[in-house]
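Coordinate analysis (summary)
Chain by chain, the residues:
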Amino acid sequence: MRTEIQARLLALSQPEYRKFSSGLIPGKDNILGVRLPALRALAKELARSEGWEAFLSCPAQYFEETMLQGMVIGCCPVPRERRLELVRSFVPKIDNWSVCDSFCAGLKDARKDRALYWSFLSPYFASHREYELRFAAVMALDHFVTEQYLGPVLGALDAAVCEGYYAKMGVAWAVSVCLAHFPRQTMEYLKACRLDDETYHMAVRKALESLRVSAEDKTALRAAGGRR
């Protein structure tokens, strides 16, 4: 099955997109250049096949194979508890922001049972591993920025500690999404948060760049941005 999947990926690859993607994902020299819509379509097809679980255990030669494994986990027909077992097995394979973010976006089960998933995510917020923490932060911004979970999300982000750039950026991005949806509460949080200076300023910058943050809130952010 793996050989067949690799052949499909090679047929879908585009040299110009490979060059573009390689420039966005430093350190990856095994990118074929397959666009995300094509990968998602292939993932749905694989998830309906009998061999999807065997595919998840195959070593990945290409970047897109790892991406595809994550996408299959998101859409395969299994109970949530089994999906979380697959998620736990996949997280150590995450070694770049692109695989992390596409994987998190596909775990839509989280919105159907937030309590189960939040309990699962808690240890990852405490991780000092760069992509484990980014995984938790991106899961939070994708699926947990709600009235019920805003406090727990901001609390978990505030307590997170990691020196990795992509972990810090994940935390900052999550804070900016909280600000877009709950500006009053998140502005109050930013006044007294424990984010390190770099992450704090990343969060402010992400919010200022966001089209979902109001002009009024951006003005308030600029006024308060120098307090750190």
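What this report covers is the structure whose coordinates are included nearby. (Residues numbered from 1 in each chain as written. Predicted model: local features only at pLDDT ≥ 70, side-chain atom pairs only at ≥ 80, totals over all residues. Heavy atoms only, no water.)

**Digging into the overall build of the protein**
What counts is decided by this rule: What counts as a helix is a DSSP run of H or I of at least four residues, what counts as a strand is a run of E of at least two, and both are numbered from the N terminus. Note on method: radius of gyration uses C-alpha positions; expected globular size equals 2.2 Å times residues raised to 0.38. Per-residue accessibility, obtained with a 1.4 Å probe over protein chains only, is compared with the maximum for each type, and a residue is labelled buried under 20%, exposed over 50%, and partly exposed between these values. In this description, contact between two residues means that some pair of their heavy atoms is separated by no more than 4.5 Å. Charge counting follows a simple rule: Lys and Arg are positive, Asp and Glu are negative, and His as well as the terminal groups are ignored. For this purpose, a charge sits on NZ of Lys, CZ of Arg, CG of Asp or CD of Glu.
For the protein, the count of helices and strands is 14 helices and zero strands. When its helices and strands are written in sequence order, the protein yields α-α-α-α-α-α-α-α-α-α-α-α-α-α. Its C-alpha atoms give the protein a radius of gyration of 19 Å, within 12% of the compact-globule value 17 Å for 228 residues. Dimensions along the principal axes, computed over C-alpha positions, put the protein at roughly 55 × 40 × 30 Å. For the protein, with 228 residues in total, the buried portion stands at 51%. Within the protein, residue pairs in contact and separated by at least 24 positions form 72% of the contacts whose partners lie at least 6 positions apart. For the protein, the distance from the average site of its 31 positive side-chain charges to the average site of its 27 negative ones is 3 Å.

**Observations regarding a positive patch on the surface**
The cut-off we apply is this: Candidate patch residues must exceed 30% relative accessible area and have no salt bridge, after which like charges are joined if within 9 Å and Val, Leu, Ile, Met, Phe, Trp or Tyr side chains if within 5 Å. Method for areas: the Shrake-Rupley scheme with a 1.4 Å probe, in which residue coverage is limited to the protein chains shown. In the sections that follow, a salt bridge refers to a side-chain nitrogen of Lys or Arg positioned within 4 Å of a carboxyl oxygen of Asp or Glu.
Residues Arg-40, Lys-44, Arg-48, Lys-108 and Arg-111 make up a contiguous surface patch of positive charge. Structurally, Arg-48 is set in the loop between helix H3 (36–47) and helix H4 (52–56).

**A word on the nonpolar core**
The cut-off we apply is this: Residues belong to one nonpolar core when they are buried, are Ala, Val, Leu, Ile, Met, Phe, Trp, Tyr or Cys, and are joined through side-chain atoms within 4.5 Å.
The biggest cluster of nonpolar side chains holds 83 residues, and the ones touching the most others in it are Leu-68, Phe-103, Phe-125 and Phe-135. With ten residues, helix H11 (residues 165–181) is the largest single contributor of residues to this core.

**Here we look at the environment of Met-202**
Checked against the element boundaries, Met-202 lands in helix H13 (residues 197–209). Since its relative accessible area comes to 3%, Met-202 is described here as buried. Through-space distance from the C-alpha of Met-202 to that of Gly-155 is 18 Å; in sequence the pair is 47 residues apart. Residues contacting Met-202, with those up to four places away along its chain left out, are Tyr-165, Lys-168, Met-169 and Ala-172.

**Description of the packing of aromatic side chains**
Formally: Any pair of Phe, Tyr and Trp rings, taking the six-membered ring for Trp, is counted once the centres come within 6.5 Å. Such a pair is stacked with planes under 30 degrees apart, edge-to-face with planes over 60 apart, and tilted for the rest.
All chains considered together, the criterion is met by eleven aromatic pairs. Each ring, one from Phe-120 and one from Tyr-124, has its centre 5.5 Å from the other, and the planes form 50°; the classification is tilted. One end of the pair, Phe-120, and the other, Tyr-124, are both in helix H8 (residues 114–125), four residues apart, so they sit about a helical turn from each other. With a relative accessible area of 8%, Phe-120 lands in the buried category. Of the residues examined, Tyr-124 reaches a relative accessible area of 10% and is grouped as buried. Here the aromatic rings of Tyr-165 and Tyr-166 are separated by 5.0 Å at their centres, their planes lie at 85°, and the arrangement is edge-to-face. On the basis of relative accessibility, which here comes to 41%, the residue Tyr-165 falls in the partly exposed class.

**Let's talk about the environment of Ala-41**
Among the secondary structure elements, Ala-41 is positioned in helix H3. Exposure remark for Ala-41: the relative accessible area of 46% places this residue in the partly exposed category. It is 22 Å that separates the C-alpha atoms of Ala-41 and Ser-22, two residues lying 19 residues apart in sequence.

**Looking at helix H14 (residues 215–224)**
This is how it is decided: Throughout, the arc means that of the directions going from the helix axis to the C-beta atoms.
Considered for burial, the residues of H14 that qualify are Asp-217, Lys-218 and Leu-221. In an axial view of H14, the angular spread of the buried residues amounts to 100°, which keeps them on one side of the axis. Turned more than 90 degrees away from the buried face of H14, the exposed residues are Ala-215, Glu-216, Thr-219, Arg-222 and Ala-223. The inward-facing, buried residues of H14 abut H11, helix H12 (183–192) and H13.

**Some words on the state of the cysteines**
The following threshold applies: The disulfide definition used here is simple: a pair of cysteine sulfur atoms within 2.5 Å.
Taken as a whole and assessed by the stated rule, the structure comprises zero disulfides. Sulfur of Cys-178: no disulfide; nearest cysteine sulfur belongs to Cys-193 and is 12 Å away. Its relative accessible area of 0% is what places Cys-178 among the buried residues.

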